[in-house]
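# Examining the three-dimensional arrangement
For reference, the chains in residue letters:
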Amino acid sequence: MTQIFDIYHNKNGFLTKTIFSIIKKYNSPIWLYCAETIKKRILQLAKFDTIRFAQKACSNINILKLMRKEGVKVDAVSLGEIERALIAGYNNKNKDDIIFTADIFDFNTLKRIIDLNITVNVGSIDMLHQLGPLSKNHNIWLRINPGFGHGHNKKTNTGGENSKHGIWHTDLKKSIEIINKYNLKLIGMHIHIGSGVNYSHLKKVCDAMTDYVLKPYIPKINIISAGGGLSVPYKLYDKSVDTKHYFKLWNKTRNIINNHLQKNIKLEIEPGRFLVAESGILICQICAIKKIKEKRFILVDVGFNDFMRPAMYGSYHYISAISSKGIDMSYLPKIEAIVAGPLCEAGDVFTQSDNGEIKFCLLPYVHVGDYLVFHDTGAYGASMSSCYNSRPLIPEILIENGIPREIRRHQKIQELISLEIY
C-alpha cells in the first residue's frame with residue numbers, strides 16, 4: 001500500500017479488509033466509526049477538568065453512550081439533543097452533566113429546561129428575560145462575543161460583528177444587572193470564536209476571558225469554558241493541534257483568575273469535531289462514470305443530503321478507492337476526477353471549493369461497482385444528513401474492540417412518507 005493510503009486508513013482506524021467486510025455485511029452506502037480513535041482523542045484532553053462533547057458534531061445516541069462511559073459531559077443545542085443525552089444516560093439531576101447552549105428559547109425547550117433544571121449557556125439578553133421570571137436561582141453561564149472571531153470558513157466563524165452568537169461584549173454589565181434582577185445564578189463564562197486553531201487568536205480569547213471575569217461587577221464564578229473549534233488534519237500534511245500548548249494557554253488564564261478570585265475554578269473544553277472527525281469514514285459505491293469534454297465525473301450513491309460539508313463549506317476530504325472485489329487500489333496510477341452524487345442538483349459535487357468552483361481529486365482508474373471512501377467524516381457527517389430528494393437516511397456502524405455494531409439502521413422510504421399520511 002502507498003504511504004498516503006496507509007496513513008489515512010490507520011488514522012481512521014480501519015484497514016481495507018475491515019471496510020470490505022462491513023460493505024459485504026451491511027451494503028453501501030454506510031457511515032463507519034472507530035471507537036478507539038474517539039477514546040484516543042478524549043485522552044489527549046485529559047488535563048482539562050471537564051471535557052464536554054458538542055454533540056451536534058455526531059449526535060447518535062450510541063456515540064453519546066460511548067462519551068459518557070469515557071467520562072465526557074455533553075453540550076446540547078436543542079430540545080432534541082437534550083432528549084438524546086437523557087436517553088444516552090446523562091443525568092439531569094446532576095446539573096453538570098448537560099449544558100444547554102443557545103441564542104434563543106422556544107416555548108417547549110424552555111419548559112423542559114426548567115422542569116429538568118438544566119444549566120443554560122445564555123447567548124442573548126432576551127434569554128435572561130425569558131428564563132429569569134420563571135426559574136429563580138437557575139444556574140447559567142454567559143456566552144460572550146468578544147468582538148472578534150476566527151474560522152476555517154466564514155460560515156464557521158462564531159465571533160465578531162458578523163456573528164449571531166453570544167452576548168456582545170459591551171453588553172456584559174447590562175447582562176449582570178438583569179441576572180441580579182431575576183436572582184439567576186451565574187456560575188460560568190464561555191467564549192467560543194469559531195473553528196480552527198490559530199494560537200494568536202487563541203491568546204486573544206484567553207486575554208478576553210481574563211478581562212471579563214476580573215471586572216468588578218462580575219460575581220465569583222466557578223467555571224470558565226474554552227469552547228471548541230480544535231482543528232483536525234483533513235489533509236495529509238496538515239498539522240495536528242498541539243493540545244498540550246492549547247491547555248497551557250488556558251491553564252495560565254485559569255491560574256490568573258484563581259489568584260484574583262482567591263478560589264479554584266474549573267477549566268472546561270467543548271470539542272465536537274476534534275473528538276469524532278477522524279474516527280469516521282463514509283463508504284459509497286460508484287454507479288456511473290461520465291466524460292464531459294475533458295472532465296471525468298465519477299457518480300456515487302451518496303449525495304450532499306448525506307454528506308453536506310463539501311457542498312456547504314467547500315471542505316476537503318481525502319478519498320480512497322477499493323475495487324468491487326475488495327482490493328486496495330491506492331497503489332495504482334492516479335488520474336484527475338470529479339466526484340459527484342445522485343441528487344437533482346448541480347451543486348451535488350464533493351470536489352469543490354468554498355465558492356462552488358469544481359475541483360479535481362486524484363483517483364485510480366476506477367470502474368462502476370468499485371467503492372470510494374471519504375475519510376475524516378465522523379464530525380458533521382451523519383448529524384447533518386437530510387432526506388432531500390426523498391432519500392432515506394443511511395446506516396451508521398460503530399466498531400469497538402474489533403466488533404462492528406449497527407447503531408442506526410437504514411431508514412425505510414415508508415417511514416419517511418408516514419409523517420405525511422393521516
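Right above here is the structure, for reference.
The following refers to the structure shown. (Residues numbered from 1 in each chain as written. Predicted model: local features only at pLDDT ≥ 70, side-chain atom pairs only at ≥ 80, totals over all residues. Heavy atoms only, no water.)

Here the focus is the packing of helix α5 (residues 79-87) against helix α6 (residues 107-116). Where α5 contacts α6, the two axes come as close as 9 Å, and the packing angle between them is 35 degrees. Counted together, L79, I82, E83 and L86 of α5 and N108, T109, R112, I113 and L116 of α6 form the full contact between these two elements. Here the residues of the contact of α5 with α6 are counted per class, giving five nonpolar, two polar and two charged. (Axes fitted to C-alpha atoms, helices over the stretch in contact; angles between N-to-C directions. Helix = DSSP H or I, 4+ residues; strand = E, 2+ residues; numbered from the N terminus. Contact = heavy atoms within 4.5 Å. Nonpolar A, V, L, I, M, F, W, Y, C, P; charged D, E, K, R; others polar.)

To continue, consider the environment of K235. For K235, the position within the fold is in the loop between β9 (223-225) and α10 (243-261). When its relative accessible area of 42% is taken as the criterion, K235 is described as partly exposed. The sequence separation of K235 and K412 amounts to 177 residues, and the corresponding C-alpha distance is 35 Å. (Buried < 20%, exposed > 50% of the residue type's maximum accessible area, 1.4 Å probe, protein only.)

One recurring pattern in soluble globular proteins: nonpolar side chains tend to sit buried together. Counting 102 residues, the largest nonpolar core has L142 and W250 as the members making the most contacts within it. Of all hydrophobic cores here, the second largest spans 16 residues; its members include F20, Y26, C34 and I399. (Core = buried A, V, L, I, M, F, W, Y, C linked by side-chain atoms within 4.5 Å.)

We now examine the environment of L86. As for its placement among the helices and strands, L86 is situated in helix α5. The sequence separation of L86 and I397 amounts to 311 residues, and the corresponding C-alpha distance is 22 Å. Discounting chain neighbours no more than four positions away, the residues touching L86 are N92, I98, R112 and L116.

With that settled, the discussion passes to the packing of aromatic side chains. Counted according to the given criterion, the structure contains eight aromatic pairs. For the ring pair F350 and F374, a centre distance of 4.9 Å and an interplane angle of 55 degrees mean the geometry is tilted. Of this pair, F350 sits in the loop between β14 (334-340) and β15 (361-364) while F374 is found in strand β16 (residues 371-375), placing the two residues 24 residues apart along the sequence. The class of F350 is buried, set by a relative accessible area of 5%. For F374, a relative accessible area of 1% gives the class buried. A connected cluster of aromatic rings, assembled from ring pairs, spans W31, F307, F350 and F374. Of note, K235 hangs over the ring of Y316, and the distance from its end group to the ring centre comes to 5.3 Å. Positioned above the aromatic ring of Y365, the side-chain terminus of R296 is 4.3 Å from the ring centre. (Phe/Tyr/Trp six-rings, centres within 6.5 Å; stacked < 30°, edge-to-face > 60°. Lys NZ or Arg CZ within 6 Å of the ring centre and 35° of its normal.)

Side chains of I413, I417 and I421 sit close together on the surface and give an oily, nonpolar patch of about 270 Å² of accessible area. With respect to the element layout, I417 can be found in helix α13 (residues 413-418). (Patch = residues over 30% accessible without salt bridge, like charges linked within 9 Å, V, L, I, M, F, W, Y side chains within 5 Å. Areas by Shrake-Rupley, 256 points an atom, 1.4 Å probe, with all protein chains shown as cover. Salt bridge = Lys/Arg side-chain N within 4 Å of Asp/Glu carboxyl O.)

Of the two faces of strand β13 (residues 319-322), the one holding I319 and A321 and the one holding S320 and I322 are both buried throughout. As paired strands, β13 and β16 are joined by four bridges and run antiparallel to one another. Bridging across to β16, I322 finds its partner in Y371. (Pairing = 2+ DSSP bridges.)

The subject of this paragraph is the environment of I281. If you trace the backbone, I281 turns up in strand β11 (residues 280-292). Counting along the chain gives 23 residues from I281 to N258, while the straight-line C-alpha distance between them is 42 Å.

To continue, consider the pairing of strand β2 (residues 50-54). Taken across its five residues, β2 has five buried, putting it largely inside the fold. Alternating residues of β2 divide into T50, R52 and A54 and I51 and F53, and every residue in both groups is buried. Taken together, the two bridges between β2 and strand β10 (residues 266-269) define a ladder with parallel strand orientation. If you follow T50 over to β10, its bridge partner there is E268. Sheet topology places β2 next to strand β3 (residues 73-76); three bridges connect them, and they run parallel. Following the sheet pairing, F53 is matched in β3 by V74. Crossover connection from β2 via helix α4 (residues 61-69) to parallel β3: handedness right-handed. (Right-handed = clockwise from strand over helix to strand, strands pointing away.)

Shape descriptors only; they carry no functional weight alone.
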